[in-house]
Amino acid sequence: MPSLTRRHLLATAAVTGGLGAALAGTGGAEHDPTEADGWRHPQATPGNMAATESSGPRSAERVDWSHEITPTQRHRFRGLARHGDTLLVPTHRRLFGVSTDGERRFEVGPGSTGFDSLASQLDSGPRVFGDTCFLTAGVSVYALDAATGRPRWRHDVNSSIGGVVLLGNTLYLAALVDGDDALVAVDATDGTRRWRRDGRLVPLAASATHLVVAEYDTGALRGVDPETGAHRWTSDPGVAAPSLSPAAVALGDETLWHIQDGSLAAADATTGEVRWRERVADDGPESGARLAVADAVYVLEPDADRLTAIDPTGDRRWSRSVDDAAYGVAVGGATAYVATHGGLEAVATADGATRFRVTPASTPGDALTPLVADGAVYGLAGDTLYGVTDR
């Protein structure tokens, strides 16, 4: 097992307390949940909302640019992030920095300077706080300069990291710490630990006042205070998170949405109490669904090639097929962008009508959640990163 860094040892040396308690860490800045504008997480927000008020293209006759990512470096993540005019694109072993007009700026990952020699792959997509990008690989969280990819610091644990959420200036991790399963809050400014809660708890989503985690063994959801780690509520086992998938959980200021056994459930974010359920899949459980939450909740079922819009009250607005759908949906303004294995299809949120469809991938394959910003939409399909605008 790799040795722990001095930073990690300083962060854990003073921790004491009983099993299951939220234990205080050391030093660092105070927790601040303030989120900067922009698409800085794999699904836009710490709550996986995958939506922005910024409008993307409503019509497109061509792809503005495309950039090939070698097929041996397939991604296994939910989406891109953005810092200024740099797109942060994760693949199996590398993070690519690519300008919003398609110029490659950097690539880093296992084997690069500052990465542990035993790390073999990236385990999380990029998340951005200020000018720092965060990744996990092996037993470490890496803080990188978001403009250059150069490492700044790293925080080590005792195992691979089973989940990561970034809220403001705090990172939440699931990993072994000092030999025990724990949920850990880490100061994103310097890598010191804020608190630790014992138990195998996987962080899924966060908002300014709520952190939602899942019990690894049962899948039951828990509400946790993001500042202190204090337990607030535990869900009925009937509303468990499917396969502990963050992509099937979205969290706003007041409402938690999640997919389970083919139904969309809306719950009170403060208590975990379910307000309503709406059946989405009529042909069996759907474990690979993706969500985007804007004026409605948009549920993409890639295995069924189906996109459904459900109003905040639980009433179905419309449902339609999307040929060759992949695992990603995002909303920009009045348009939902559905990832396909060859590119994306743009759909009007009002009625589900197709606005346009593009297929830029030279080798179609798995796709990431599209990223919408400043009148453009960016995506990765198969081996092709691309950008589309109305221009």
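Residues numbered from 1 in each chain as written. Predicted model: local features only at pLDDT ≥ 70, side-chain atom pairs only at ≥ 80, totals over all residues. Heavy atoms only, no water.

### Quick look at the overall build of the chain
- A tally of regular secondary structure across the chain gives 1 helix and 34 strands.
- By the burial criterion, 61% of the 391 residues in the chain qualify as buried.
- Long-range pairs, those at least 24 residues apart, make up 49% of the contacts in the chain between residues at least 6 apart in sequence.
- For the chain, the accessible area works out to roughly 14,600 Å², and carbon and sulfur atoms hold 46% of it. (Helix = DSSP H or I, 4+ residues; strand = E, 2+ residues; numbered from the N terminus. Buried < 20%, exposed > 50% of the residue type's maximum accessible area, 1.4 Å probe, protein only. Contact = heavy atoms within 4.5 Å. Areas by Shrake-Rupley, 256 points an atom, 1.4 Å probe, with all protein chains shown as cover.)

### Section: the pairing of strand β23 (residues 274–279)
- By the bridge criterion, 5 bridges tie strand β22 (residues 263–268) to β23 in an arrangement that is antiparallel. Bridging from a neighbouring strand, L264 pairs with E278 of β23.
- Two successive antiparallel strands, β22 and β23, enclose a turn made up of 5 residues, where G272 displays a positive phi of approximately 80°. (Pairing = 2+ DSSP bridges.)

### Some details on the nonpolar core
- Within the largest apolar cluster, 48 residues are counted, with the highest numbers of intra-cluster contacts made by L95 and F356.
- In terms of residue count, the dominant contributor to this core is strand β33 (residues 376–381) (5 residues).
- With sequence-adjacent residues up to four places away left out, L95 is seen in contact with L88, V89, P90, F106, E107, V108, L122, P126, C133, L135 and L144. (Core = buried A, V, L, I, M, F, W, Y, C linked by side-chain atoms within 4.5 Å.)

### Digging into unusual backbone geometry
- At A44, a position not held by glycine, the phi torsion is positive, near 75°.
- Residue A44 is classed as buried on the basis of its relative accessible area of 6%.
- Positive phi outside glycine occurs at D305, with the angle close to 50°.
- Here D305 shows up in the loop between β25 (297–301) and β26 (306–310).

### Remarks on the pattern of salt bridges
- Under the criterion given, the structure shown has 22 salt bridges.
- Where R154 meets D156, a salt bridge forms, and the shortest distance between an N and an O atom there is 2.8 Å.
- Between R232 and D225 there is a salt bridge, with the nearest N and O atoms lying 3.2 Å from each other.
- Given a relative accessible area of 18%, D225 falls into the buried group. (Salt bridge = Lys/Arg side-chain N within 4 Å of Asp/Glu carboxyl O.)

### Some points on the sheet that holds strand β3 (residues 65–68)
- Ordered in space as β3-β34-β33-β32, the 4 strands form an open sheet in which the pairing is antiparallel. Only two strands of the sheet have a single partner each, and these edge strands are β3 and β32 (371–373). Between one strand and the next, the sheet's axes are offset by a mean angle of 15°, whatever the strand orientation.
- Two strands pair when backbone bridges link them, and β33 and strand β34 (residues 384–389) are joined in this way by 6 bridges, in the antiparallel orientation. Opposite A376, over in β34, you have T389 as the bridge partner. (Axes fitted to C-alpha atoms, helices over the stretch in contact; angles between N-to-C directions.)

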